[in-house]
Number of protein chains: 2
Amino acid sequence: MLNFEFKNPTKILFGKGQIANMAKEIPQDAKVMFLYGGGSIKSNGVYEQVKNALSAFDVVEFAGIPANPEYAVLMEALNIIKTRNITFMLAVGGGSVIDGVKFLSAAALYEGDEPWDILKNSIRTEHGLPFGTVLTLPATGSEMNSGAVITRKETQEKLSMGGPGLFPVFSVLDPQVVKSIPKRQLANGITDAFTHVLEQYMTYPIGALLQDRFAESILQTLVEVAPRVIKNPGDYEAAANFMWSCTMALNGLIQKGLPGDWAIHAMGHELTAMYGIDHARTLAIILPGHYNYNFEAKKEKLAQYGQRVWGIQAGTTEDMARQAIQKTVDFFHSLEIDTKLSDYTPDYEGTAEKISQRFTERGWLGLGEHKKLSPHDVEKVVKMSY
Amino acid sequence: MLNFEFKNPTKILFGKGQIANMAKEIPQDAKVMFLYGGGSIKSNGVYEQVKNALSAFDVVEFAGIPANPEYAVLMEALNIIKTRNITFMLAVGGGSVIDGVKFLSAAALYEGDEPWDILKNSIRTEHGLPFGTVLTLPATGSEMNSGAVITRKETQEKLSMGGPGLFPVFSVLDPQVVKSIPKRQLANGITDAFTHVLEQYMTYPIGALLQDRFAESILQTLVEVAPRVIKNPGDYEAAANFMWSCTMALNGLIQKGLPGDWAIHAMGHELTAMYGIDHARTLAIILPGHYNYNFEAKKEKLAQYGQRVWGIQAGTTEDMARQAIQKTVDFFHSLEIDTKLSDYTPDYEGTAEKISQRFTERGWLGLGEHKKLSPHDVEKVVKMSY
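Residues numbered from 1 in each chain as written. Chains lettered and ligands numbered in written order. Predicted model: local features only at pLDDT ≥ 70, side-chain atom pairs only at ≥ 80, totals over all residues.

Visitor: A description of the interface of chain B and chain A should follow, citing residues and the corresponding values.
Guide: The interface of chain B with chain A comprises 32 residues on the first partner and 32 residues on the second. Examining the composition of the side of chain B that touches chain A, we find that 10 residues originate from one element, helix H7 (residues 209–231) of chain B, more than from any other. A class-by-class count of the residues in the side of chain B that touches chain A yields 15 nonpolar, 10 polar and 7 charged. Two strands pair when backbone bridges link them, and strand E1 (residues 4–14) of chain A and strand E1 (residues 4–14) of chain B are joined in this way by 7 bridges, in the antiparallel orientation. Among the inter-strand pairings, A:Phe14 is bridged to a residue of E1(B), identified as B:Phe4. (Contact = placed C-beta atoms within 7 Å. Helix = DSSP H or I, 4+ residues; strand = E, 2+ residues; numbered from the N terminus. Nonpolar A, V, L, I, M, F, W, Y, C, P; charged D, E, K, R; others polar. Pairing = 2+ DSSP bridges.)

Visitor: Pulling in residues and values, what's your account of the relation of the copies chain B and chain A?
Guide: Each of the two copies of the chain can be brought onto the other by a rotation about an axis and a shift along it. Rotating chain B by 180 degrees and moving it 0.0 Å along the rotation axis overlays it on chain A with an RMSD of 0.0 Å. Viewed as a symmetry operation, the transformation between the two copies matches a two-fold axis. In terms of C-alpha distance to the rotation axis, chain B has B:Pro9 as its closest residue, with the C-alpha 2.1 Å off the axis. (Least-squares fit on C-alpha atoms with pLDDT ≥ 70 in both.)

Visitor: Describe in detail the sheet that holds strand E8 (residues 170–173) of chain A, supporting the description with residues and values.
Guide: Whenever strands of a sheet pair, they do so through backbone hydrogen bonds, lying parallel or antiparallel. Here 12 strands make up an open sheet; going across it, the order is E3(A)-E2(A)-E4(A)-E5(A)-E8(A)-E1(A)-E1(B)-E8(B)-E5(B)-E4(B)-E2(B)-E3(B) and the pairing mixed. Both outer strands of the open sheet, strand E3 (58–62) of chain A together with strand E3 (58–62) of chain B, are each paired with one neighbouring strand and no more. Neighbour to neighbour, the strand axes of the sheet diverge by 25 degrees on average, direction disregarded. Note: strand E4 (residues 88–93) of chain B against strand E5 (residues 131–135) of chain B, 5 bridges, orientation parallel. Counted as the bridge partner of B:Ala91 is B:Thr133 from E5(B). (Axes fitted to C-alpha atoms, helices over the stretch in contact; angles between N-to-C directions.)

Visitor: For the domain arrangement of chain A, give the residues involved together with the corresponding values.
Guide: All names here are of chain A. Per the domain assignment, the segments of chain A are domain 1 (11–176) and domain 2 (183–384). On a C-alpha basis, the centroid separation for the pair domain 1 and domain 2 is 26 Å. Taken together, the contact between domain 1 and domain 2 spans 17 residues of the former and 23 residues of the latter. Residues belonging to the side of domain 1 that touches domain 2 are distributed by class as follows: 8 nonpolar, 6 polar and 3 charged. (Domains from an automatic or database assignment.)

This is the structure in C-alpha cells:
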C-alpha cells in the first residue's frame, strides 16, 4: 500500500426530505447565490423545496449552467458574484452544475487576471468561496469531492481543476429525485460511477486489500441495483443505493494508497469536446480498447475483478481477465450504452491522430498508472474504439 | 436505507514515516500537551520521532494514561492544561490514550463544575480543545471518530461520551508501529475491530446494500490479514491493511443508514469494569450468547455474513446463520481469544444479575437495534457467556 493523506470534510445530508434541513448548514448572514441548470428542477419539485429552505436568506438566482459547464456562462455568474457580494453559493443539479460552482468558488477568490489560468496552469485551490450542493443526478461524485471539469467551447477544451478548498460544505442527497430522471441519464450515471471506480481500481496489485474490496463493493452494488433503477426509478431502495454508490465512487476514499489510471477519462474528455458525446458514454467507448491494449499490465486486477464482481470461477488469469472485459461491455450494453465511437458519429476518421496530437501539444506524454501511455499509445487505444 | 447525516473531518496521514509530517497540521503558535501511556513508545522509537516532529513547539509532556483511561488520572492532566494554558493536545498511543484526550478536549472547554457530568449526563460536545493523534495500537477506531469511553475506578463505571467537537484534527497512522506490538494486543485489536463492524452490521436487512458490502469488506480483510499479522507483525502489507481496517471499522461510514446494535459493548464494558478483562475479550465473551439469544431477529444478516464473509454456500437460513456464529467463535479461538467468562475468572456467579441490576438502575431498559433487549434479557445473555 502506498502512503496517503485523506481528508474529506463535506457533510452529507442523505435521505427523504433532507432539502428542508439544509438551512442550518448555511451561515445566517449569508448572501446566497442559488445556481442551477436547464430548469428540470422546476418540474420535479426540487426548485420549490430549495426556495422554501432558503426563505430566510437573501438569495440571487442564476439559471442556465449547461451540461459540460461552459466557461463563458460561468464568467457571467462570476461577474454577478462580485458585483452582488455573494458570500455563499448553492449548486442544485448534477455534476455539471456542481463543477461549475466549484470553478466559481475558486475564481471568486482568485487574484490573477484571467480565471482560465486556474485550469490551464493547474492552479490548486487552497481556499474557495464556500458552497453547498443539492444533488439531482447521481453520477459524477462531485458532491463529495474537490475536483471539477470545465469546458470551453471557444477552444474545444475540457480541463480539470481541484484543491482542498473546493469540497462542498454540505451536500444534500435525497434519492427521491431519481424517480424523475430520464432513463438515458440514469444509464449515464451508472456508467460514469462504474468507470470512476474502475479508473482507480484497475491498475496492478499493490496490497491495498481493503481499498480493493471497497471498490468491488461499489461495483457489485451498481451491478445489483442498475436493472432495478432502470426499470423503476421510483424504487427508493435501489435509488438510494445507486446514489450513495455514485458518491462513494469518487469521494477520495477508494483511491487512497493505490496508483490511479484515469487515462480513460483523459481520452473520453476529448470525445466530448470534439463530438459532444455524453461524458459517461465516452468512457464506455474508450474502456474496452484501453483494457485490451494494456492487457498485460492489468490482467491480474482484471481477473480479480472478474472473480469477485462477476463471479467468474475458473480459468487462467488471462481467460478470466478477457471475460471480465466482456462482462463490462455486456453491462454497458444492458444499459443501452453503445461502446463504439462509430455508434455515435460517422465522422470518426482522424479522431485518434487528433487526440494524440493534442496530448503531445499539452505535454501529456505519459498517462496511466505507470505514466507510460504515450500519445502514440493513445492513438492506438482510440483507434480500437472506432 | 434510513436517512442519515455524515461528516468526518479528521485528516489521516497514513504510511511509513508520516510522524515526521505532522508538524504542518498543528498551529504554529500552539502550546502543546503531548500525552501518552505506559512508556512503550520509548522503546519502539515513536517517542523520539514525536519529539523531533514537535521540536519547533512549546511542549508539555503528560505520561501515564492507563488502559481504560481513568478519570482520576485525567483530572490531573486537566489541571495542567488549565494552569499551563495548553491550546493543542497530541495523543500518542492506542484507544485508551486517545479516548482520554477526547475527554480532556471536552472537559477543557466544559463550563460546568463537575466534568464527570459530561459522561453521567451524556452531554454532547459541540466544541473541544483541538487535538491530533499518533496511533500506536490499531483497534478501537478512536483515531477517526468522535466518541470515547472513560473509566472511573472509584465507582466501577465505564461510560461513553461524544459529539462533533471531538474528531481529531489529524491522525497519523504509520503501520510500522505494528511490528513492536505484543501478540496479545494484536489479537485484541483484531477482535475489537471485527466486533465493531458486527455491532453495526448484524441487525436486520434494511436495504443499505453498499454499507453491508463495505462492512463485509472490512470483515473479509481482517480475516485475511489476521494470521499474517499474528505470525509476523513486521509484514508491512498485512499491518497496513489491519491498521486501515480498524480505522474504517468505526469512523462512522459503515453505520450510516442502518440501525446499530451495540448491546455487546454495553454488556462487555461491565465485564471490564468488574473484572478488568481486556475490552476486546469481553466482546468475544458476550457475542456468541447474544447472537444465539437473539437468533430469530438476526438470522437473515447472520446468514448473509456466513455466505459472504465465510463462504458458507448451502443450507437453510438457520443453518447458515448458526454456522456463521460458530465460524466467528472459531476465528476468535484462532487468535487465542477465549470466549467464555469462566475462562477469565472463577468468580463469575452472580455477574449476570449484577449487570442486569446496573442496567435497570441506569434506566437502560431497551438495548439493541430494536431497543427491546431488557435487563431481564441481558441477564440471560450474560449467563450464556459463563
